[in-house]
Amino acid sequence: MAASVEQAKGKRVQPAWSPPEGTEQPRLHLYNSLTRSKDEFVPQNGKQVLWYCCGPTVYDASHMGHARSYISFDILRRVLMNYFKYDVFYCMNITDIDDKIIKRARQNHLFEQYREKKPAPAQILGDVQTALKPFLVKLAETTDPDKKQMLERLHAAVTLVLGPLQEAVQRGAAASEVAPKAELLLKEAKDLLSDWLDSQLGSQVTENSIFSILPKYWEGEYHQDMEALNVLPPDVLTRVSEYVPEIVAFVKKVVENGYGYVSNGSVYFDTAQFGGSEKHSYGKLVPEAVGDQKALQEGEGDLSISADRLSEKRSQNDFALWKASKPGEPSWDSPWGKGRPGWHIECSAMAGSILGESMDIHGGGFDLRFPHHDNELAQSEAYFENDHWVRYFLHTGHLTIAGCKMSKSLKNFITIKDALAKHTARQLRLAFLMHSWKDTLDYSNNTMESAIQYEKFINEFFLNVKDVLRAPTDITGQYEKWDSQEIELNKSFYEKKAAVHRALCDNVDTRTAMEEMRALVSLGNTYIAARKSNRQTPNRMLLQSVAAYLTEMLRVFGAIDGVEPIGFPVGGSGQNMDLEVIVMPYLSVLSDFRETVRKIARENKVTEVLQLCDALRDDTLPELGVRLEDHEGLPTVVKLVDRETLLKEREEKKQVEEEKKRKKEEAARKKQEQEAAKLAKMKIPPSEMFRSEMDKYSKFDDSGFPTHDAEGKEISKGQTKKLKKLYDAQEKLHKDYLEMVQNGGSS
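Residue positions are given per chain, counting from 1 as you read along its sequence in written order. Owing to the predicted nature of the model, reporting of local features is limited to residues with pLDDT of at least 70; listing and counting of side-chain atom pairs is limited to 80 or more, with chain, interface and lining totals taken over all residues. The basis for every side-chain value is the complete set of non-hydrogen atoms in the structure, without hydrogens or water.

K.L.:
Outline the pairing of strand β18 (residues 706-709), listing residues and values.
P.N.:
Two strands are counted as paired when DSSP detects at least two bridges linking them. Going along the chain from the N terminus, every DSSP run of H or I of four or more residues is numbered as a helix, and every run of E of two or more is numbered as a strand. Where strand β17 (residues 697-700) lies against β18, 3 bridges are found, and the strand directions are antiparallel. Bridge pairing in β18 links Phe700 to Pro706. Turn length for the β17-β18 hairpin, with the two strands adjacent in sequence and antiparallel, is 5 residues, and the turn residue Gly704 shows positive phi of about 85°.

K.L.:
How would you summarise the packing of helix α21 (residues 579-603) against helix α22 (residues 607-620) if you had to cite specific residues and measurements?
P.N.:
Throughout, an axis means a line fitted to C-alpha atoms (over the contacting stretch in the case of helices), and angles, computed between N-to-C directions, take values from 0 to 180 degrees. One can describe the packing of α21 onto α22 by two numbers: an axis separation of 9 Å at closest approach and a directional angle of 155°. Between α21 and α22, the angle falls in the class roughly antiparallel. Crossing of α21 over α22 shows left-handed handedness. Of the residues in α22, those in contact with Leu590, Arg594, Val597, Arg598, Ala601 and Arg602 of α21 are Val609, Leu610, Cys613, Asp614, Leu616 and Arg617. The nonpolar class holds Ala, Val, Leu, Ile, Met, Phe, Trp, Tyr, Cys and Pro. Asp, Glu, Lys and Arg form the charged class, and all remaining residues, Gly among them, are polar. Here the residues of the contact of α21 with α22 are counted per class, giving 7 nonpolar, no polar and 5 charged. Put simply, angles under 35 degrees are roughly parallel, angles over 145 are roughly antiparallel, angles from 65 to 115 are roughly perpendicular, and the rest are oblique. Should the near helix be turned anticlockwise from the far one by less than a right angle, the crossing is termed left-handed; should it be turned clockwise, right-handed. For this analysis, residues touch if any pair of their heavy atoms sits within 4.5 Å.

K.L.:
Lay out the sheet that holds strand β11 (residues 390-396) with the relevant residues and their values.
P.N.:
The strand order across the open sheet formed by 5 strands is β5-β4-β3-β10-β11, and the pairing between neighbours is parallel. The open sheet has two free edges, formed respectively by β5 (236-239) and β11, since each of these has just one partner strand. Strand-to-strand, the axes of this sheet are offset by a mean angle of 20°, without reference to chain direction. Examined bridge by bridge, strand β10 (residues 359-365) and β11 share 6 bridges and lie parallel to one another. Considered in β11, the bridge of His362 is made with Phe393. Running at roughly 145° to strand β4 (residues 87-94), helix α13 (residues 343-355) makes contact with β3 (48-53), β4, β5 and β10 of the sheet.

K.L.:
I'd like to hear about the packing of helix α4 (residues 121-141) against helix α6 (residues 175-188), residue by residue, with values.
P.N.:
Running from amino to carboxyl end, α4 crosses α6 at an angle of 30°, the nearest separation of the two axes being 9 Å. By the criterion of interaxial angle, the relationship of α4 to α6 is roughly parallel. Seen from above, α4 lies across α6 with left-handed handedness. Residues Pro121, Ile124, Leu125 and Val128 of α4 form the contact with α6, whose own contacting residues are Val178, Ala182, Leu185 and Leu186. A class-by-class count of the residues in the contact of α4 with α6 yields 8 nonpolar, no polar and no charged.

K.L.:
Explain the pattern of salt bridges to me, and be specific about the residues and the numbers.
P.N.:
Any Lys or Arg side-chain nitrogen located within 4 Å of an Asp or Glu carboxyl oxygen qualifies as a salt bridge. According to the stated counting rule, one finds 60 salt bridges in the structure shown. In this structure, the salt-bridge partner of Arg239 is Glu219, at a minimum N-O distance of 2.9 Å. Of this pair, Arg239 sits in strand β5 while Glu219 is found in helix α8 (residues 210-228), placing the two residues 20 residues apart along the sequence. Look at Glu219 and you get buried, because its relative accessible area is 7%. Salt bridges sharing common partners tie together Arg594, Glu595, Arg598, Arg602, Asp614, Arg617, Asp618 and Asp630. Using a 1.4 Å probe on the protein chains alone, a residue whose accessible area is under 20% of its type maximum counts as buried, one over 50% counts as exposed, and one in between counts as partly exposed.

K.L.:
Give a detailed account of the environment of Arg239, specifying residues and quantitative values.
P.N.:
Residue Arg239 is classed as partly exposed on the basis of its relative accessible area of 23%. Arg239 sits 144 residues away from Thr95 along the chain, and the two C-alpha atoms are 6.1 Å apart. When residues no more than four places from it in sequence are discounted, the contact partners of Arg239 are Ile94, Asp96, Glu219 and Met350. Pairs of N or O atoms are called polar contacts if they sit within 3.5 Å, as long as, within protein, a hydrogen donor faces a hydrogen acceptor (for residues adjacent in sequence, only side-chain-to-side-chain pairs). Engagement of the side chain of Arg239 in a polar contact is seen with the side chain of Glu219, the distance being 2.9 Å.

K.L.:
Describe the sheet that holds strand β14 (residues 441-443), and please don't skip the residues or the numbers.
P.N.:
In spatial order, the strands read β13-β12-β14; together these 3 strands make up an open sheet with mixed pairing. Both outer strands of the open sheet, β13 (404-405) and β14, are each paired with one neighbouring strand and no more. The pairing of strand β12 (residues 399-401) with β13 spans 2 bridges and is classified as antiparallel. Its bridge partner lying in β13, Thr400 is registered against Lys405.

K.L.:
Before we move on, could you go through the side chain of His423 and cite the residues and values that matter?
P.N.:
Looking at where His423 falls in the secondary structure, it is placed in the loop between α15 (416-422) and α16 (425-433). In this view, His423 contacts Leu428, Tyr443, Met448 and Ile452; residues no more than four positions away in its chain are not counted.

This is the structure in structure tokens:
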């Protein structure tokens, strides 16, 4: 029969192949502010991504609000580059010409000039009193609650030190007493005096170099902060002061294209003309905010919203492309006379110069959407005559401090340096990773404690895996048979990797990705514990794969900055050596020697030696950043851990032990008190137990049992029954006491 079937088939040929159906893979989607939805990310040119990010206005210290934006964009940038393998070209600007910078630089210059003249205490006193007059008017007119509170606090601080100086000057006190008081007033009144000096002499400050000192200093501080936070530097950094010729050319073309007009030496963008064009739209990001005069004036700057400036516009919705410089402002030559760039134009001109007529991604903080980014879009599309200057607009969420807006007036203004003094850059980044980049992030003790615990949790897993991998084996011994436990863990491993991938495709959802990674660590810990409880060695290769994947993902996120195949770097940043590789052989020898000594000491019951071994583990080695973990019937585990972490653990352990001791002593005291109270009660004969309660009873029978209540009424049968129960119980209790005394017990 078989032969006939073979003959029917004829010549042997390959059978038809059944191709796999496959599964649809998720694609990267990003939340695009231009559509307010998650759009599939499709770069304009293959894998190349042109990305522009709004940088800081450098006139003061970088704060956690800056960190919110720049760490978040650093994470997004790293994920696109190192996970999705895009070729990202990242451009960022530094705003070093701005109304805030001009005013602050001018004030600093005038205040330093004032100090250099070494004014007499009486003059300082008089000048501060004079400066207080316009200050108090400003205070009365201020409606913003945060600003008002800040001004009120300044007023209180100045008033507090002004009185003592005034009193000392009036009574002709000695210079040794007056001088320190004058210096203190000068310190407290710096902002108040600077503002007053600027109003009097600001127009006389004309040297451009004066306006460059301040931003240069704070730009340097900003770069140091970003390096400390492990934020990658941009591929290109543009400064407004270096791009003035390009900005002038950009403004000129916008005017030529019919979307700008000259007025009194300034140039303004014609929003009506632009919005009325068939191929353009004004207010793409926040159309409902168009016409918001408060937001528009904040975008123009404090020095550019005077009545004469506002009257130069055809419409109050128009905004400055080029500002004619007033006395006391830096200026550059232009076809319209001496002037300086408007705020919005700088990004358009610099980004256009570097990235061309269209970019893939533009990023910035949520509060920049209108008017800044909407105005950027309008003037750039007016220049290039297109409608796609930006394909994807990404905006990072706000940052709050313990649920409140960050504000100097609320005394919760936290600089990046302040934050790094309390937590490591990795802990800050983990906190950001555990939240969505586009939503509000609350920087609080709870937020940071969650990040610290996550770091500790995953680091313990890395240390446990390293301990498994250090166990000696030959080259073939590292390949072990897989049982059901390994197969199950490996299946979960691939499921978690797929879940992380889905999360990152979904608007780079690091929060979900981090939770999936945490779940993977939990599975790994369960597997290790199960194997060890059965006195079995965990599978090296499988755990190495899991730990290496987790390490690589944290490296992608920027939470690990090093080349270690597994875990967080040991030995601190800036070290070119792997501390773990160097010291672990010596620590292993020490651990083995200690274990041998402990074994001999236990066998011979030498308590002192065992105590010394414990002291080495608990007191000496933690000071060096080494943790020993003793496990009954298993080799001691050696881990390199940050010294401060170990010392904190030791202190917490000590506190727990002290609390246990305190609770034990408290329980013993309560038990003693209860026993004493019970004994005191036992001593009372039943005939006496009710006689002391004269407020309840007035007459008793011969056995001391109450017969009438306090008012002389005979006690009811029901009440008598209840009292009889108490009487009988006390009779038994007292009888027990008498027997105890007779037998030599308590007296």
